[in-house]
Amino acid sequence: MQTSRFPFRGALATGVLSCVLLAGCAGTTRSNLSAGHAALADASTREALRAESAVEGQQSQAPAAPAGAPAPVAADQDLAIALVSGEPIDIRSFLARIWLRSSDVSREVLDRLVVERLALLEAERQEIAVSQSRVDERLEAAWKVLGDSLERQGRGISIAKHLQTELGVDTEYYRRQLRRDAIAQLIAERVVRTWACGRERCVVRMVELADQQAMDAFNVGLAAGRDFDSLAKELHRYREKEPGGALITVIRNENAELSRVAFNTPVGKVAGPLKADDGKQLMLRVDKLLPAITGNWKDNGAAIEKSLEDYPVDDFEFIQWRAEMVKSYSVDLDPFFHLIGVKN
């Protein structure tokens, strides 16, 4: 079963998106800056483009915006990302172009920032601490992943050279960002697991079956006495990555079908089929039931750390936590959409 990736898992992105977005500008010279200038129609079109770019003092000459569209905003020198002949190009224009180029990536980054802040608020509320040694360990692991990746690619260049040529940043800057990412990830993992441990949980093995033929084969195998694990290795849709099926943690929630089924199934028994969102069918086996743990981080921190060593936060555990957090904290994305001139 596929779910959204836990947003703080893994190393910092390698900057592929940045390279793609900037590649078209790499060869720009003064001699070709005017190419395409004749394609701009009349004065009103040019002024509309200035207004779209939030160039100060030009909005009054631009054509009226369609009814219901956000009103243009004057450029703010503090929000300028570039100056061309002294005229600022506003960050709002830049964000709007990024959104149109890849709204999926933009939403993912925005969601990561929101989740990071939710986790931080919860960590402060519950006084959850992360040791410096764990931060250093996670940072060095991410650094090694990058080095190993370059070695596998046979690039024959150092990490420092790669960062300079591909991202235009130095090692110190990149390691600072890696450290920040490591801290955010470590905090999120502990916040999510602390929340989960405060509730009754059910650990299950989940198998997703691609079609009715696979479903029939699974049931025939069970009827013939075959065990769940061997059938999962043979029929699970994602068996290459999850040979025994997906290991997920289900929080007790009577309003969710999966939770109801899991908690009504004895440990070691198989239940299903259940319908997945994409029409696929699911089978599950209940591996263990875990009681809720009462107390704060000071009381339970050591047990939480041990649980994270035994089994990391899974995607489904994170999704359930996130759903609860957006109920507990107000999350308003309108400021972003206002910046890019979109009605959310």
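Residues numbered from 1 in each chain as written. Predicted model: local features only at pLDDT ≥ 70, side-chain atom pairs only at ≥ 80, totals over all residues. Heavy atoms only, no water.

(A) Summary view of the overall build of the protein chain. For the protein chain, the count of helices and strands is 13 helices and six strands. Expressed as a percentage of its 344 residues, the buried residues of the protein chain come to 35%. Within the protein chain, contacts between residues at least 6 apart in sequence are counted, and of these 67% link residues at least 24 apart. For the protein chain, the exposed surface amounts to about 20,500 Å²; the carbon and sulfur share of it is 53%. (Helix = DSSP H or I, 4+ residues; strand = E, 2+ residues; numbered from the N terminus. Buried < 20%, exposed > 50% of the residue type's maximum accessible area, 1.4 Å probe, protein only. Contact = heavy atoms within 4.5 Å. Areas by Shrake-Rupley, 256 points an atom, 1.4 Å probe, with all protein chains shown as cover.)

(B) Region of the structure containing the nonpolar core. Counting residues in each nonpolar core, the largest one holds 22 residues, and the members touching the most others are Leu118, Val191, Trp195, Phe318, Trp321 and Met325. Elements supplying a minimum of two residues to this core: helix H4 (103-126), helix H7 (171-197), helix H11 (297-310) and helix H12 (315-328). If you tally residues by element for this core, the top one is H7, at seven residues. Residue contacts for tryptophan 195: discarding those within four places in its chain leaves Ile251, Glu317, Gln320, Trp321, Glu324 and Met325. Within the second largest apolar cluster, 16 residues are counted, among which are Met206, Val250, Leu258 and Ala276. (Core = buried A, V, L, I, M, F, W, Y, C linked by side-chain atoms within 4.5 Å.)

(C) Summary view of helix H5 (residues 132-152). The terminal C-alpha atoms of H5 lie 30 Å apart, and with 21 residues this matches the ideal 30 Å at 1.5 Å per residue to within 8%. Turning to H5, its buried residues number three or more, namely Val135, Leu139, Ala142, Trp143, Leu146 and Leu150. Along the axis of H5, the buried positions cluster into a sector of 95°, meaning they face one direction only. Across H5 from its buried face, at more than 90 degrees, point the exposed residues Ser133, Glu137, Lys144, Glu151 and Arg152. Its buried side turned inward, H5 meets helix H6 (159-167) and H7. Where H5 ends, the next residue or the one after it, glycine 154, has phi of about 65°, a positive value. (Expected span 1.5 Å × (residues − 1). Arc of directions from axis to C-beta.)

(D) Spotlight on the side chain of lysine 280. Along the polypeptide, lysine 280 turns up in the loop between strand E5 (270-275) and strand E6 (281-290). Not counting chain neighbours up to four residues away, the residues in contact with lysine 280 comprise Glu208, Leu209, Ala210, Arg237, Leu274 and Lys275.

(E) Quick peek at unusual backbone geometry. A cis amide bond links glycine 272 to the next residue, proline 273, at an omega of 5°. Looking at the element boundaries, proline 273 is found in strand E5. The backbone of serine 85 sits at a positive phi, close to 55°, despite the residue not being glycine. We note that glutamate 127 has phi near 55°; this positive angle belongs to a residue other than glycine. Along the polypeptide, glutamate 127 turns up in the loop between H4 and H5.

(F) Broad picture of the sheet that holds strand E4 (residues 246-251). The four strands lie next to each other as E4-E3-E6-E5, forming an open sheet whose pairing is antiparallel. Each end of this open sheet is capped by a strand with a single partner; those strands are E4 and E5. Taking each pair of neighbouring strands and ignoring which way they run, the sheet shows an average axis angle of 35°. Looking at chain direction, strand E3 (residues 201-209) and E6 are connected through nine bridges and run antiparallel. Bridge pairing in E6 places leucine 209 opposite glutamine 281. (Pairing = 2+ DSSP bridges. Axes fitted to C-alpha atoms, helices over the stretch in contact; angles between N-to-C directions.)

(G) A look at the packing of H5 against H6. In contact at an axis separation of 10 Å, H5 and H6 are set at 85° when each is read in the N-to-C sense. In terms of axis orientation, H5 runs roughly perpendicular to H6. Here Trp143, Leu146, Gly147 and Leu150 of H5 come into contact with H6, specifically with Ile159, His162 and Leu163. (Parallel < 35°, antiparallel > 145°, perpendicular 65-115°, else oblique.)

(H) Local environment of the packing of aromatic side chains. Under the defined criterion, the tally for this structure stands at six aromatic pairs. Look at phenylalanine 336 and phenylalanine 337: their rings are 5.4 Å apart centre to centre, the planes differ by 80°, and that puts the pair in the edge-to-face class. In terms of burial, phenylalanine 336 and phenylalanine 337 fall into one category: buried. A cation over a ring is seen here: arginine 175 above tryptophan 143, with NZ or CZ 4.9 Å from the ring centre. (Phe/Tyr/Trp six-rings, centres within 6.5 Å; stacked < 30°, edge-to-face > 60°. Lys NZ or Arg CZ within 6 Å of the ring centre and 35° of its normal.)

(I) Highlighting the pattern of salt bridges. Following the criterion strictly, the structure yields 23 salt bridges and no others. One salt bridge in this structure joins glutamate 122 and arginine 125, with 2.9 Å as the shortest N-O distance. Here the residue glutamate 122 and the residue arginine 125 both occupy positions in helix H4, the gap between them amounting to three residues, near one helical turn. The exposure class assigned to arginine 125 is exposed, which follows from its relative accessible area of 56%. Where glutamate 317 meets arginine 193, a salt bridge forms, and the shortest distance between an N and an O atom there is 2.8 Å. Linking glutamate 317 in helix H12 with arginine 193 in helix H7, this pair joins segments that are 124 residues apart in sequence. Each member of the pair, glutamate 317 as well as arginine 193, carries the same accessibility label: buried. One salt-bridge network, held together by shared partners, links Arg134, Arg138, Glu189, Arg190 and Glu305. (Salt bridge = Lys/Arg side-chain N within 4 Å of Asp/Glu carboxyl O.)

(J) Representation of the side chain of arginine 92 within the structure. Looking at where arginine 92 falls in the secondary structure, it is placed in helix H3 (residues 91-101). Among the polar contacts made by the side chain of arginine 92, one reaches the side chain of aspartate 90 at a distance of 2.7 Å. (Polar contact = N/O pair within 3.5 Å; in protein donor to acceptor, adjacent residues only side chain to side chain.)

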